[in-house]
Amino acid sequence: AIAGALAGVALLIGLAGLTASVITFILAGVILQSLAGSGVALALSLAPSPWATQEIFNWLMGSLADRSMEEVKLALPFIAIGLVLLATLSRALDALSLGEATAASLGVNLARTQLVLAVGVGLVTGASVAVSGVIGFVGLVVPHIVRTLAGGTPGQLLLPSALGGAALLLAGDMLMRVLPLATELKLGIAMSALGAPFFLAMLIAMRRRTV
């Protein structure tokens, strides 16, 4: 999972660049998602049994059900290392928000920043997804929510986004467990249902500002 996440982040940075806009990052992510989706479809078609197919399907939906401290112990060391690596990039990310040329003039090593960023994000996301499955939109929605409280620079958003993402995930999981449904709704589906309208509203707001 971590190797796949590292490869995905490296490809994303290669396609979009470190200083790309949010829309560019999203478009690059859509390209990679389509590529990964074809790989998942291939895995489903080659699954050796219906049980294996169901396991893949459950992982794709994402959930915290039946998870315990064993999964936490498995993922926590990788997540902690990734968070430490990302924390060291706070000033570099702030400088990069002004553009690569400006960041380089301020002494930022772009190659090193790109490598550390890819490794840090890969460790955090890879370890998380390995134990919980695919739960999308959390990392995209939360930074925009906490931006008004924590400030607009990337360095200021690192810790609040991590805490906000954890809070949103736990709140969503609790909500899914108490809803009066015949079967428990998968957390990944709920987060996608939340994230899609959020980005639609953001797109409409961006269009209005450009008119």
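The structure we're discussing is the one just above.
Our subject in this report is the structure included herewith. (Residues numbered from 1 in each chain as written. Predicted model: local features only at pLDDT ≥ 70, side-chain atom pairs only at ≥ 80, totals over all residues. Heavy atoms only, no water.)

## Thoughts on the pattern of salt bridges
Summed over the entire model, instances satisfying the criterion amount to one salt bridge. For D173, the salt bridge is made with R177, and the minimal N-O distance between the two is 2.8 Å. A residue pair is termed a helical-turn pair when its members lie 3 or 4 positions apart in one helix, as D173 and R177 do in helix α9 (residues 154-178) at four residues. (Salt bridge = Lys/Arg side-chain N within 4 Å of Asp/Glu carboxyl O. Helix = DSSP H or I, 4+ residues; strand = E, 2+ residues; numbered from the N terminus.)

## Details of helix α7 (residues 110-132)
Here α7 spans 32 Å end to end across 23 residues, near enough to the 33 Å set by a 1.5 Å rise per residue. If you check which residues of α7 are buried, you get T113, V116, L117, A118, G120, G122, L123, V124, G126, A127, V131 and S132. Buried residues along α7 sit against α1 (2-16), α4 (69-87) and α5 (90-96). Measuring from the side-chain oxygen of the N-cap residue of α7 to the backbone nitrogen of A111 gives 3.3 Å; that N-cap residue is N109. Positive backbone phi, at 85 degrees, marks G133, one or two positions downstream of α7. (Expected span 1.5 Å × (residues − 1). Buried < 20%, exposed > 50% of the residue type's maximum accessible area, 1.4 Å probe, protein only. Contact = heavy atoms within 4.5 Å. Polar contact = N/O pair within 3.5 Å; in protein donor to acceptor, adjacent residues only side chain to side chain.)

## Some words on the environment of A167
Along the chain, A167 turns up in helix α9. Owing to a relative accessible area of 46%, A167 belongs among the partly exposed residues under this scheme. Distance from A167 to I2, taken between C-alpha atoms, is 23 Å for residues 165 residues apart in sequence.

## What to know about the packing of α1 against α7
Put simply, α1 and α7 touch, their axes get as near as 8 Å, and they point 140 degrees apart. It follows that α1 is oblique to α7 by the angle criterion. Note that α1 runs across α7; the crossing there is right-handed. The residues of α7 that touch α1, namely those facing I2, A5, L6, V9 and I13, are Q114, L117, A118, V119, V121, G122, L123, T125, G126 and A127. For the contact of α1 with α7, the class distribution of residues is 11 nonpolar, four polar and no charged. (Axes fitted to C-alpha atoms, helices over the stretch in contact; angles between N-to-C directions. Parallel < 35°, antiparallel > 145°, perpendicular 65-115°, else oblique. Left-handed = near helix turned anticlockwise from the far one by under 90°. Nonpolar A, V, L, I, M, F, W, Y, C, P; charged D, E, K, R; others polar.)

## A look at the environment of L157
Mapped onto the elements of the fold, L157 is located in helix α9. Considering only alpha carbons, one finds L157 and P143, 14 residues apart in sequence, at a separation of 6.7 Å. When sequence neighbours within four positions are dropped, the list of residues in contact with L157 reads P143, V146, R147, A150, G151 and G152.

## Notes on the packing of helix α8 (residues 138-150) against α9
It is at 8 Å that the axes of α8 and α9 come closest, and there the two elements cross at 120 degrees. Considered as vectors, α8 and α9 are oriented oblique to each other. The way α8 lies across α9 gives a crossing that is right-handed. Along its contact with α8, which presents V138, V142, P143, V146, R147 and A150, the element α9 presents Q156, L157, P160, S161, G164, G165, L168 and L169. In terms of residue class, the contact of α8 with α9 is built from nine nonpolar, four polar and one charged.

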